[in-house]
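Residue strings, one per chain:
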Amino acid sequence: MTRYHEVYASWRSNPEEFWAKAAKDIAWYKLWDKVFEPYMGEYGRWFAGSECNTAFNCLDHHVEAGRGEQPAIIYDSPVTDTKQTITYAQLLHKVATFAQVLADQGVSKGDRVIIYMPMVPDAAVAMLACARLGAIHSVVFGGFAAAELATRIDDCMPKAIVAASCGIEPGRIVEYKPLLDQAIEIATHTPAACIILQREQAEASMIEGRDVDWASTVAATEAEGRKAPCVAVAGTDPLYILYTSGTTGQPKGVVRDNAGHMVALKWTMHNIYGIEPGEVFWSASDVGWVVGHSYIVYAPLLHGATSVMYEGKPVGTPDPGAFWRVISEHKVVSLFTAPTAFRAIKKDDAEGAYIEKYDLKHFRSLFLAGERADTDTIQWAENKLKVPVIDHWWQTETGWPICANPLGLGRMPVKYGSPTVPMPGYDIQVLDDQAKPVVPGETGTLAVKLPLPPAALPTLWQAPERFRSSYLAELPGYYTTSDAGFMDEDGYVYVMQRTDDVINVAGHRLSTGQMEEIVAGHRDVAECAVIGVEDDLKGQLPVGYVVLNAGVNREEGEVEKELVQLVRTEIGPVAAFKNVLTVKRLPKTRSGKILRGTMRAIADARDWKMPATIDDPAILDEITDAMRGRGMIKND
Ligand code: COA
Ligand code: AMP
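Described below are features of the structure shown in this document.

The rules behind the values
Residues numbered from 1 in each chain as written. Chains lettered and ligands numbered in written order. Predicted model: local features only at pLDDT ≥ 70, side-chain atom pairs only at ≥ 80, totals over all residues. Heavy atoms only, no water. Near = heavy atom within 4 Å. Polar contact = N/O pair within 3.5 Å; in protein donor to acceptor, adjacent residues only side chain to side chain. Areas by Shrake-Rupley, 256 points an atom, 1.4 Å probe, with all protein chains shown as cover. Nonpolar A, V, L, I, M, F, W, Y, C, P; charged D, E, K, R; others polar. Core = buried A, V, L, I, M, F, W, Y, C linked by side-chain atoms within 4.5 Å. Buried < 20%, exposed > 50% of the residue type's maximum accessible area, 1.4 Å probe, protein only. Helix = DSSP H or I, 4+ residues; strand = E, 2+ residues; numbered from the N terminus. Pairing = 2+ DSSP bridges. Axes fitted to C-alpha atoms, helices over the stretch in contact; angles between N-to-C directions. Contact = heavy atoms within 4.5 Å. Parallel < 35°, antiparallel > 145°, perpendicular 65-115°, else oblique. 1 Å grid on protein atoms, 1.4 Å probe; cavity = no way out; pocket = protein on both sides within 12 Å on 5 of 7 lines; lining within 4 Å. Points joined across faces, edges and corners; volume = space filled by probe spheres on them. Left-handed = near helix turned anticlockwise from the far one by under 90°. Phe/Tyr/Trp six-rings, centres within 6.5 Å; stacked < 30°, edge-to-face > 60°. Lys NZ or Arg CZ within 6 Å of the ring centre and 35° of its normal.

A short note on the site of ligand 2
Around ligand 2 lies a shell of 14 residues, among which Asp 391, Thr 396, Asp 483, Arg 498 and Arg 509 are the nearest. In the environment of ligand 2, an oxygen atom lies 2.5 Å from a nitrogen or oxygen atom belonging to the side chain of Thr 396. For ligand 2, an oxygen atom lies 2.6 Å from a polar atom in the side chain of Asp 483. Its free accessible area being 490 Å², ligand 2 has 94% of it covered by the protein chains. Split by residue class, the shell around ligand 2 holds three nonpolar, five polar and six charged.

Right under this line is the structure:
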């Protein structure tokens, strides 16, 4: 029997009492004046007046309570053939020492620090060291290029940047330091210091007066026995900024506060994920994404669990048994990853033969998020792993699941295609464009009735107006998720598609609008459209359609190659922008709007109707022929 209905009803009847009760699991320097203060911020703030420290709750608190010898992080890196276990006491020592190193570089409460690092434990150390000082970290995913990093440097103006010399992708070493140097050159803002973790796979050259060597500086600070204490911050102060794709090239700086974040994340560990303190939880994501922030670093540590940090891929490092090896070796009870990782495994090992090789007796559940989970993949995982497979719906903005099947409260019946039901904190409404609820089964915008729950973004970094216009203005009284979907008679939510031009490529959130801006910037391009088409492995892939300027007398393929390279240089390899098609004209409405939806339907081989407002129907035939000629229509 599930307790979900009872618990959801208790939240609904008194949200403040619900979250105040959850907040008892957190150690506070000062309790809140108000659990929820409706007159603060853009729609109110949680735990106003409180004082706390997130790193204290992740580390000191557990060590004081006798958890010092328990592993906090297990680092497993098939790409460097390294394994390392770090206990809570050791992690506390590392974090307090590195916080002192940051403090020596002038970093203090409220300062921003950018962290540009691969999946090494030092990335978590840097994040927690910032939290310890009350500084605000902003982690930038390693697959982003210099220009993306530069945008973030200029937006949050960090006092310091912490980076590694390189990341390791299968078959190649990605040197981060040249990208960092280039980014600082492009950016207007200059950080006072860069602390560089040298990895043996690529030694970075250092810039005198600016670059600080991680290892020797930490060693010297350690030798002097200097450690920074935890700084009390307001519960409503930002813990971090995480940039995410919006509809333009300017990413949105999602702000996460300290108090609400701790309370909500701690609550989810038992109630949603069914994890107990001391157990091993593995989120196979990256610290550069929200899932990495919440479920590699903060939630497992707040809960006193052990978190696996995995530097590798689901396949090819070295084989599709990599996940099962890690689960078996480290006694993982629950894995959280993106459906795309499972599609990659299934592609290489359809029979699940590699699963048979490992002892998975501790493994209890699999959680999937980041993109729509297709039923085939869920059923394959259920059949092969014989554990509950839980699809749950997330956004960078919310920081924790909006909808899930709450394992800790007792699992609800599974309906394939649905990430199940709204979690306490989320009053989900399906609305039409007049902000009127639609009937069950009918599609509309998925909206959350304000206020958002603790941990969800209170605003965008130094852009409250953009926060209001992006999320609150469209449907007054609601937060617009930009996802469309429906709810059935039993209250199960179905998330069908984005309503903006954000796409999900291998679980990575990207903006086709941003890609269009870059492609349109090429001197030979007259106009362009970038759309997300279905892909069996990555879920979606971006495809660019370009019309060249009249008089351009070059091989189409040549320009196409340059465009691929341009997006790779501007956004990074993670954009996976590899398909460009030169066409004579783009299909448009009479008012000049490009018919991206129709183009998507053609590429995905879905049924489509001739849009009534189309300017010239013949263009759709032209485009279809061009796509067909290049094998760009699904299953054609
Ligand atoms: N640093 C530098 N480059 C990176 C990178 C990083 N941290 N992560 C990815 N890249 C590069 C890849 O090397 C690849 O480059 P290429 O075009 O030269 O081959 C490109 O970015 C695209 O990477 P990716 O989308 O990861 O595709 P892939 O083909 O390398 O791997 C999967 C496919 C499915 C195995 C992989 O995407 C995966 O594990 N996805 C899970 C995603 C996830 O965890 N999302 C978080 C939400 S829960
Ligand atoms: P991100 O901010 O990277 O977590 O991406 C958020 C977006 O990913 C959401 O707005 C959805 O479009 C999509 N998404 C995440 N999880 C799911 C899910 N379980 N089902 C469907 N879409 C999802």
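Remarks on the nonpolar core
Counting residues in each nonpolar core, the largest one holds 123 residues, and the members touching the most others are Trp 19, Phe 98, Tyr 298 and Trp 400. Ranked by residue count, the leading element in this core is helix α5 (residues 121–133), at 10 residues. In this structure, Ile 196, Ile 531, Leu 541 and Val 574 belong to the second largest nonpolar core, which totals 70 residues.

Side note on the sheet that holds strand β20 (residues 389–391)
Taken in spatial order, the seven strands make up an open sheet running β5-β4-β17-β16-β18-β19-β20, and their pairing is mixed. Looking at the sheet topology across the chains shown, the edges are occupied by β5 (82–87) and β20. When the angles between neighbouring strand axes are averaged without regard to direction, this sheet yields 20°. Inspection of the sheet shows strand β4 (residues 71–77) paired to strand β17 (residues 306–310) by four bridges, in the parallel sense. Within the sheet, the bridge partner assigned to Asp 76 lies in β17 and is Tyr 310. Helix-sheet contacts for helix α14 (residues 375–385) involve β19 (365–368) and β20, and the interaxial angle to β20 is about 155°.

Focus: the site of ligand 1
Contacts to ligand 1 come from 23 residues, most closely from Glu 169, Arg 172, Lys 538, Arg 568 and Lys 578. At 2.7 Å, a side-chain N or O of Arg 172 approaches an oxygen atom of ligand 1. Residue Lys 313 places a side-chain N or O atom 3.4 Å away from an oxygen atom belonging to ligand 1. Across the complex, the protein chains shield 84% of the 930 Å² of accessible surface that ligand 1 would expose by itself. Tallied by class, the residues present in the shell around ligand 1 amount to 11 nonpolar, six polar and six charged.

Topic: helix α12 (residues 339–348)
The buried count for α12 comes to seven of 10 residues, which makes it a mostly enclosed element. The complete set of buried residues in α12 reads Pro 339, Thr 340, Ala 341, Phe 342, Arg 343, Ala 344 and Ile 345. Buried residues belonging to α12 abut α11 (322–329), β18 (332–337), β19, α14 and β30 (539–548).

Here we look at the packing of helix α2 (residues 15–22) against helix α9 (residues 259–271)
It is at 9 Å that the axes of α2 and α9 come closest, and there the two elements cross at 80°. By the criterion of interaxial angle, the relationship of α2 to α9 is roughly perpendicular. Packed against α2, whose contacting residues are Phe 18, Trp 19 and Ala 22, the element α9 presents Val 263, Ala 264 and Trp 267 at the interface. Residue composition of the contact of α2 with α9, by class: six nonpolar, no polar and no charged.

Section: empty space enclosed by the protein
Here the structure, examined in full by the defined rule, presents two cavities of 30 Å³ or more. Per element, the largest residue contribution to the lining of the largest cavity is three residues, and it comes from β20. Tallied by class, residues from the lining of the largest cavity come to five nonpolar, four polar and two charged. Put simply, the second largest cavity is a space of about 40 Å³. Residue lining of the second largest cavity: Tyr 43, Gly 44, Arg 45, Trp 46, Asp 257, Pro 453, Pro 454, Ala 455, Ala 456 and Pro 458, and that is the complete set. Here the lining of the second largest cavity is built from residues that sort into seven nonpolar, one polar and two charged.

Points about the side chain of Gln 395
Within the secondary structure, Gln 395 sits in the loop between β20 and β21 (403–404). On the basis of relative accessible area, Gln 395 is assigned to the buried category, the value being 4%. A distance of 3.4 Å separates a polar atom in the side chain of Gln 395 from a polar atom in the side chain of Asp 483. The residues touching Gln 395, leaving out its near neighbours within four places in the chain, are Val 290, Ile 402, Tyr 479, Thr 481, Asp 483 and Arg 498.

A closer look at the packing of helix α3 (residues 54–64) against helix α4 (residues 88–104)
One can describe the packing of α3 onto α4 by two numbers: an axis separation of 9 Å at closest approach and a directional angle of 130°. In terms of their interaxial angle, α3 and α4 are classed as oblique. Between α3 and α4 lies a crossing whose hand is left-handed. When α3 is examined against α4, the residues Cys 58, Leu 59, Asp 60, His 62 and Val 63 are found in contact with a partner set consisting of Tyr 88, Ala 89, Leu 91, Leu 92 and Val 95. Among the residues making up the contact of α3 with α4, the classes are represented as eight nonpolar, one polar and one charged.

Notes on the sheet that holds strand β23 (residues 428–431)
Pairing in this open sheet of four strands is antiparallel, and the strands run β23-β24-β25-β26 from one edge to the other. In the strand order of this sheet, the two ends are held by β23 and β26 (493–498), each with one partner. Taken over all neighbouring pairs, the strand axes of this sheet differ in orientation by 50° on average, direction set aside. Where strand β25 (residues 478–487) and β26 come together, five bridges link them in antiparallel fashion. Bridge assignment links Gly 485 to a residue of β26, and that residue is Val 495.

A closer look at the packing of aromatic side chains
Under the defined criterion, the tally for this structure stands at 38 aromatic pairs. Taken together, a centroid distance of 6.0 Å and an interplanar angle of 50° make the contact between Tyr 29 and Phe 56 tilted. Separated by 27 residues along the polypeptide, Tyr 29 in the loop between α2 and β1 (34–37) and Phe 56 in helix α3 bring together distant segments of the chain. Assessed through its relative accessible area of 41%, Tyr 29 is described here as partly exposed. In this structure Phe 56 comes out as buried when scored by relative accessible area, which is 16%. Relative to Phe 47, the ring of Trp 32 lies with its centre 5.1 Å away and its plane at 65°, an arrangement referred to as edge-to-face. Of this pair, Trp 32 sits in the loop between α2 and β1 while Phe 47 sits in strand β2 (residues 45–48), and the two are 15 residues apart along the sequence. The buried category is assigned to Phe 47, whose relative accessible area is 0%. Among the aromatic residues, those joined into a cluster by ring pairs are Tyr 273, Phe 281, Tyr 295, Phe 336, Phe 367 and Trp 394. Directly above the ring of Phe 144 sits Arg 152, whose terminal nitrogen or CZ lies 4.7 Å from the centroid. Above the face of the Tyr 492 ring, Lys 415 is positioned so that its terminal group lies 4.5 Å from the ring centre.

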